[in-house]
Amino acid sequence: MLERITASLSSLAPAEQRVAKLVLTDPRAFARLPVRELAERAHVSKPTVVRFCRSMGYDGLADFKLKLAGSVSEGVPFIHRSVDVDDKTGDVLVKVVDNAVAAFLQYRNAASTVALERAAQAISDTWKKGKRIEFYGVGNSGIVAQDAQHKFFRLGVTSIATSDGHMQVMSATLLGPGDCAVIISNSGRTRDLMDAADIARKNGATTIAITASGSPLASTCQIHLAADHPEGYDRYSPMVSRLMHLLIIDVLATCVALRIGSSLQPILQQMKENLRAKRYA
């Protein structure tokens, strides 16, 4: 991103060049400072800062700063470097956390909002019709499926989560038009999950895959939420894909909550009061 700004300097207006040089001098500061201070540092007006961002192909300052923060964070030390046997605990902490942060930022910058919109709408429509919503996963993905059930249950959206392959195939057989199955897999090649997705789709249910691009599962389901993070399998490789899948579930649950609207608020309040009463009784 910084290289692109450097290459575009000569084509910018003089005032916008001052903004560009401010970005290049201290990109981290630019990503966190308010527009007023950015304009003062570059000796330009606030609209000039916004014009510069748009001339670089972004929607405005907020979009530009979001992408800049991601670009800068992906270049911090230890990113994309594996943990070494001689690392101290402090090094391990930084590497594991930074690798996870980098994966999240890459996902945020590459995620398809159209696919997320379709998935959230499909789950909302299924809930409104009183139809079945099911989450399937195996191994680490099975943990994500259970977490998804918990998150949606808090919204008053009843669903089923299964991590057993036989149960998934049997459950998918009972799905039909109007129902929805969310299948979670890092590789997208687990046989039972692919079979369950194929059965659910053939029965007329909407199928949503949270998996790697280009995988068999991605092509089997109608809606694909790409989660591209290949895992290493040596003993020092941090597990990040499950965190990414949990993040995607969070986004979906939040989008569905917004669609449910204000009627959700009293349910959440009552739920909190009941839990508090049980906890401190």
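Now for a description of the structure that goes with this document. On a predicted model such as this, the values are computed, not experimentally measured, just so you know. (Residues numbered from 1 in each chain as written. Predicted model: local features only at pLDDT ≥ 70, side-chain atom pairs only at ≥ 80, totals over all residues. Heavy atoms only, no water.)

1. Remarks on the overall build of the protein
As a reminder of what qualifies: Secondary structure elements are taken from DSSP: a helix is a run of H or I of four residues or more, a strand is a run of E of two residues or more, and numbering for both begins at the N terminus. Each residue is assigned to one of three classes by its accessible area relative to the maximum for its type, calculated with a 1.4 Å probe on protein chains only: buried under 20%, partly exposed between the two thresholds, exposed over 50%. Note on areas: Shrake-Rupley with a 1.4 Å probe; residue coverage comes only from the protein chains shown. Charge counting treats Lys and Arg as positive and Asp and Glu as negative, with His and both chain ends excluded. For the purpose of locating charges, the reference atoms are NZ of Lys, CZ of Arg, CG of Asp and CD of Glu.
Tallying secondary structure elements over the protein gives 14 helices and five strands in all. Dimensions along the principal axes, computed over C-alpha positions, put the protein at roughly 65 × 50 × 50 Å. By residue count, 42% of the 281 residues in the protein fall in the buried class. Split by element, the accessible area of the protein, about 14,900 Å² in all, is 56% carbon and sulfur. One way to put it: in the protein the 34 positive side-chain charges average out to a point 6 Å from where the 27 negative ones average out.

2. Things to note about unusual backbone geometry
A positive phi angle, close to 60°, is found at H43, a residue other than glycine. If you trace the backbone, H43 turns up in the loop between α4 (35-42) and α5 (46-55).

3. Focus on the side chain of S215
Worth spelling out the cut-off: Each polar contact in these results corresponds to two N or O atoms within 3.5 Å; when the atoms are within protein, one needs to be able to donate a hydrogen and the other to accept it, and residues that are neighboring in sequence are counted only if both atoms are side-chain atoms. It only takes one pair of heavy atoms within 4.5 Å for two residues to be counted as in contact.
As for its position among the elements, S215 is in the loop between β4 (206-211) and α12 (216-220). Of note is the side chain of S215, whose polar atom sits 2.9 Å from the backbone oxygen of A212. Beyond its immediate chain neighbours, meaning those up to four positions away, S215 contacts S187 and G188.

4. Some points on the pairing of β4
Under the convention used in this document: Assignment of crossover handedness uses the view with strands pointing away from the viewer, where a clockwise path from the first strand over the helix to the second indicates a right-handed crossover. A pair of strands is labelled paired if DSSP reports no fewer than 2 bridges between them.
Where burial is concerned, most of β4 is hidden: five out of the six residues are buried. In this fold, strand β3 (residues 180-184) hands off to helix α11 (residues 191-202), which returns the chain to β4; that crossover is right-handed. With four bridges connecting them, β4 and strand β5 (residues 223-226) associate as parallel partners. Counted as the bridge partner of I210 is L225 from β5.

5. Observations regarding the packing of helix α2 (residues 14-25) against α5
Stated formally: Interaxial angles span 0 to 180 degrees and are taken between N-to-C directions of axes, which are lines fitted to C-alpha atoms, for helices over the stretch in contact. Should an angle fall under 35 degrees it is called roughly parallel, over 145 degrees roughly antiparallel, and 65 to 115 degrees roughly perpendicular, with every other angle called oblique. In the scheme used here, Gly and all other residues not listed as nonpolar or charged are polar, with Ala, Val, Leu, Ile, Met, Phe, Trp, Tyr, Cys and Pro taken as nonpolar and Asp, Glu, Lys and Arg as charged.
Contact geometry for α2 and α5: axes closest at 9 Å, N-to-C directions at 80°. Taken together, α2 and α5 sit at an angle that is classed as roughly perpendicular. Note on element contacts: α5 touches α2 through T48, V49, R51, F52 and S55, opposite A15, E16, V19, A20 and V23. Each residue belonging to the contact of α2 with α5 can be placed in one class, and the counts come to six nonpolar, two polar and two charged.

6. Concerning the packing of aromatic side chains
For the record, the criterion: Pairing of aromatic rings covers Phe, Tyr and Trp, the last counted by its six-membered ring, and requires centre-to-centre distances within 6.5 Å; plane angles under 30 degrees mean stacked, over 60 mean edge-to-face, and any other angle means tilted.
This model, assessed by the stated rule, comprises four aromatic pairs. Residues F30 and F64 carry aromatic rings whose centres are separated by 5.7 Å and whose planes lie at 80° to one another, so their mutual orientation is edge-to-face. In this pair, F30 is assigned in helix α3 (residues 27-32) and F64 in helix α6 (residues 61-73), connecting sequence segments 34 residues apart. A single burial state applies to F30 and to F64, both of which are buried. We classify F64 as buried; its relative accessible area is 0%. Aromatic ring contacts, followed pair by pair, group F30, F52, Y58 and F64 into a single cluster.

7. Here's the deal with the layout of surface pockets
So the rule is basically this: Every definition here rests on a 1 Å grid over the protein atoms only: cavities are sets of points where a 1.4 Å probe fits but cannot get out, pockets are open sets enclosed by protein on both sides within 12 Å along at least five of seven lines, and lining residues have some atom within 4 Å of a point. Grid points are joined across faces, edges and corners, and a volume is the space filled by probe spheres set on the points.
Here the second largest pocket defines a volume of roughly 160 Å³. Taken together, 13 residues make up the lining of the second largest pocket; nearest its centre are Y107, A110, A111, A226 and D228. Those elements that place two or more of their residues in the lining of the second largest pocket are α7 (89-110), α8 (113-128) and β5. With four residues, the top contributor of residues to the lining of the second largest pocket is α7.

The analysis is restricted to geometry; functional conclusions fall outside its scope.
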